[in-house]
Amino acid sequence: MSRRGFLAERDPDAIEEMDRPDCDPGKLDRTYAQFGVVNAAVSGWRRTYTSLLRPAFSPDRTNTLLDVGSGGGDVPRALARWARRDGLPLEVTAIDPDERAHAYATTRPALPGLSFRRALSSELVAEGAAFDAVVSNHVLHHLDPAQFDGLLDDTEQLTRQVAVHSDIARHPLGYALFSAGTLPLPGSYIRQDGLTSIRRSYTPRELRDSVAGRRNWEVRTAAPFINLLVLQPGGPAGEPHRA
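Residues numbered from 1 in each chain as written. Predicted model: local features only at pLDDT ≥ 70, side-chain atom pairs only at ≥ 80, totals over all residues. Heavy atoms only, no water.

J.: How should the overall build of the protein be read in this particular structure?
T.: In terms of regular secondary structure, the protein is built from 10 helices and 7 strands. Compactness check: the protein gives a C-alpha radius of gyration of 17 Å against a globular reference of 18 Å for 243 residues, within 12% of the reference. Looking at the protein alone, contacts between residues at least 24 apart form 75% of all its contacts between residues at least 6 apart. Counting every atom, the protein has about 11600 Å² of accessible surface; 51% of that belongs to carbon and sulfur. A gap of 7 Å separates the mean positions of the 29 positive and 31 negative side-chain charges of the protein. (Helix = DSSP H or I, 4+ residues; strand = E, 2+ residues; numbered from the N terminus. Rg over C-alpha atoms; globule rule 2.2 N^0.38 Å. Contact = heavy atoms within 4.5 Å. Areas by Shrake-Rupley, 256 points an atom, 1.4 Å probe, with all protein chains shown as cover. Lys, Arg positive; Asp, Glu negative; His and termini not counted. Charge placed at Lys NZ, Arg CZ, Asp CG, Glu CD.)

Here is the structure:
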């Protein structure tokens, strides 16, 4: 089968090694450590911050952001640093239910305004929490349909200004480039699990279909092979970049 045929449909049953409870802890920690390098190269969060998140923040008050499924913590750390550099008071709450991810993230150096919790988004909804912005990075493709809908339901209740769920867009060229580009990152699950993630991920059309009927959600394309599932409760501002 050609690579294009191989990726013609999602493979939601593929399992990432780092999600296995008995995966190698040393490899897992190296994977968390390498996420920062990979996300900086391919995930486009700087552009997402400047175009969608920063406009929702004010220099005259304390802004709040929730990162759902924060893993090793590189994305919330980057967002906290950028906001501080821009003179925007920002409190970032990063949550992940995985005790291994939480343990790794909390052993990294502390940053002002950044806190980590081992929790689910539904727990914060139950607490009555709300945030100016809600984000996630490469979480959507991990979720089964009920979990996917649950995350969107939670997001709608937790978000005041904007939510951005960023995820991989499944594409044969992206698969080939990631396969080649991660060869220099041995000793972790980055390459193996990244390729599995691409197999599990959505095309822009599939992601649009998944939110059909929900108000104020739209799918945008960002960095190459990245989908942004964006919620602006008051309605989208500007024209979306559609695939």
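Right, picking up where we left off after that structure.
J.: In this structure, what is going on with the pattern of salt bridges? I would like to understand it.
T.: In the structure shown here, the tally under the stated rule is 13 salt bridges. Here arginine 117 and glutamate 127 are joined by a salt bridge, their closest N and O atoms 3.0 Å apart. Placement of the pair is arginine 117 in strand β3 (residues 114–117) and glutamate 127 in the loop between α6 (121–126) and β4 (131–137), with a sequence separation of 10 residues. Between aspartate 153 and arginine 214 there is a salt bridge; the shortest N-O distance is 3.0 Å. (Salt bridge = Lys/Arg side-chain N within 4 Å of Asp/Glu carboxyl O.)

J.: Sorry if this is basic, but what is going on with the pairing of β3 here?
T.: Two faces, one strand: in a regular strand the side chains alternate between the faces of the sheet. Here β3 shows a clear split, with Leu114 and Phe116 buried on one side and none of Ser115 and Arg117 buried on the other. In terms of strand pairing, strand β2 (residues 90–95) meets β3 through 4 bridges, oriented parallel. The partner of isoleucine 95 across the bridge, within β3, is arginine 117. Handedness of the β-α-β unit built from β2, helix α5 (residues 99–107) and β3 comes out right-handed. (Buried < 20%, exposed > 50% of the residue type's maximum accessible area, 1.4 Å probe, protein only. Pairing = 2+ DSSP bridges. Right-handed = clockwise from strand over helix to strand, strands pointing away.)

J.: What's the story with the nonpolar core in this structure? I'm lost.
T.: Nonpolar side chains tend to gather and get buried jointly when the protein is soluble and globular. Counting 29 residues, the largest nonpolar core has Tyr49, Leu53, Phe57, Leu65 and Leu79 as its most contacted members. At the level of secondary structure, the elements contributing two or more residues to this core comprise α3 (45–53), α4 (74–85), β2, β3, β4, β5 (159–168) and β7 (226–231). The element that contributes the greatest number of residues to this core is α4, accounting for 6 residues. When sequence neighbours within four positions are dropped, the list of residues in contact with leucine 79 reads Trp45, Tyr49, Leu53, Leu65, Leu90 and Val135. (Core = buried A, V, L, I, M, F, W, Y, C linked by side-chain atoms within 4.5 Å.)

J.: Explanation requested: the sheet that holds β7 in the structure shown.
T.: Strand pairing in a sheet takes place through backbone hydrogen bonds and is either antiparallel or parallel in direction. If you trace the 7 strands from one edge of the open sheet to the other, you get β3-β2-β1-β4-β5-β7-β6, paired in mixed fashion. Every other strand in the sheet has two partners, leaving β3 and β6 (217–221) as the edge strands with one partner each. When the angles between neighbouring strand axes are averaged without regard to direction, this sheet yields 20 degrees. Examined bridge by bridge, β4 and β5 share 6 bridges and lie parallel to one another. Opposite valine 135, over in β5, you have valine 164 as the bridge partner. Most of the contacts of α4 go to β2, to which it runs at about 180 degrees, and overall it touches β1 (63–68), β2, β3 and β4. (Axes fitted to C-alpha atoms, helices over the stretch in contact; angles between N-to-C directions.)

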